[in-house]
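Listed below, chain by chain, are the residues.
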Amino acid sequence: MPALTVGFDLDMTLVDSRPGIAATFRALTAKTGVPVDADLAVSRLGPPLRTELAHWFPPEQIESAVLAYRELYPAYAITPTVPLPGAREAVDAIRARGGRVLVVTAKMGRLARLHLDHLGLTVDELAGDLFAEQKATALREHDATHYVGDHVADMVAARTAGVPGIGVATGPCSADELRGAGANVVLDELTEFPAALDGMIQLALKQ
């Protein structure tokens, strides 16, 4: 087995970015005049930005809306975002076992980096703008042994990469949905991660 290398999704897995993302959507509405229900949008975080914007903007306006949103994002989304309970301890548990930490996210890499730097979450590798099966490319490239995420698409990523999927029920998907998508382990939140890590390592040995 390669050295312990755990990949994490970002939004609603390591960080609670809902307040900041909601503020960005509200700023986007103010800028474009197109109403976006920010509370509804942040209730279903996970898929790429274009997927959410397609609910609100006509097809010919989506690319300009993406650009506008990403221009607004640093000013509105970074400061309100906080680590989810147990995020720092999960990273520390991996490091205590000599492991490496990856973040593989649908968010643009440069925006994800702003969150990590602001919160002082140090990771070894960051790959952005990837979703579902696409994430498997980065997981393989960086020799991930596990992938942790809050969305059923994260379990698809883990399965595609051939590593155990660790579901954490802090996002839009329930524990049952995560299990149904193939999660090998489901945690209520990352506070449970350190105690479960040795068992997860054994799972990877059996893959």
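This write-up is about the structure you can find in this document.

What counts, and at which threshold
Residues numbered from 1 in each chain as written. Predicted model: local features only at pLDDT ≥ 70, side-chain atom pairs only at ≥ 80, totals over all residues. Heavy atoms only, no water. Helix = DSSP H or I, 4+ residues; strand = E, 2+ residues; numbered from the N terminus. Buried < 20%, exposed > 50% of the residue type's maximum accessible area, 1.4 Å probe, protein only. Salt bridge = Lys/Arg side-chain N within 4 Å of Asp/Glu carboxyl O.

A few words on the side chain of Asp9. When you line up the elements, Asp9 lands in the loop between β1 (5-8) and β2 (15-16). Classification of Asp9 as buried rests on a relative accessible area of 7%.

What follows concerns the pattern of salt bridges. Under the definition given, this model contains twelve salt bridges. One salt bridge connects Lys107 with Asp11, and the closest N-O pair in it is separated by 3.0 Å. A residue pair is termed long-range when its members are at least 10 positions apart, and Lys107 in the loop between β4 (100-104) and α6 (109-119) and Asp11 in the loop between β1 and β2 qualify at 96 residues. Comparing Lys107 with Asp11 shows no difference in burial state: the two are buried. A salt bridge links Arg95 to Asp124; the nearest nitrogen and oxygen atoms lie 2.8 Å apart. Taken as a pair, Arg95 in helix α5 (residues 87-96) and Asp124 in the loop between α6 and β5 (125-127) lie far apart in primary sequence, 29 residues in all. Of the residues examined, Asp124 reaches a relative accessible area of 36% and is grouped as partly exposed. Several salt bridges share partner residues, and in doing so they unite Asp9, Lys135 and Asp154 into one network.

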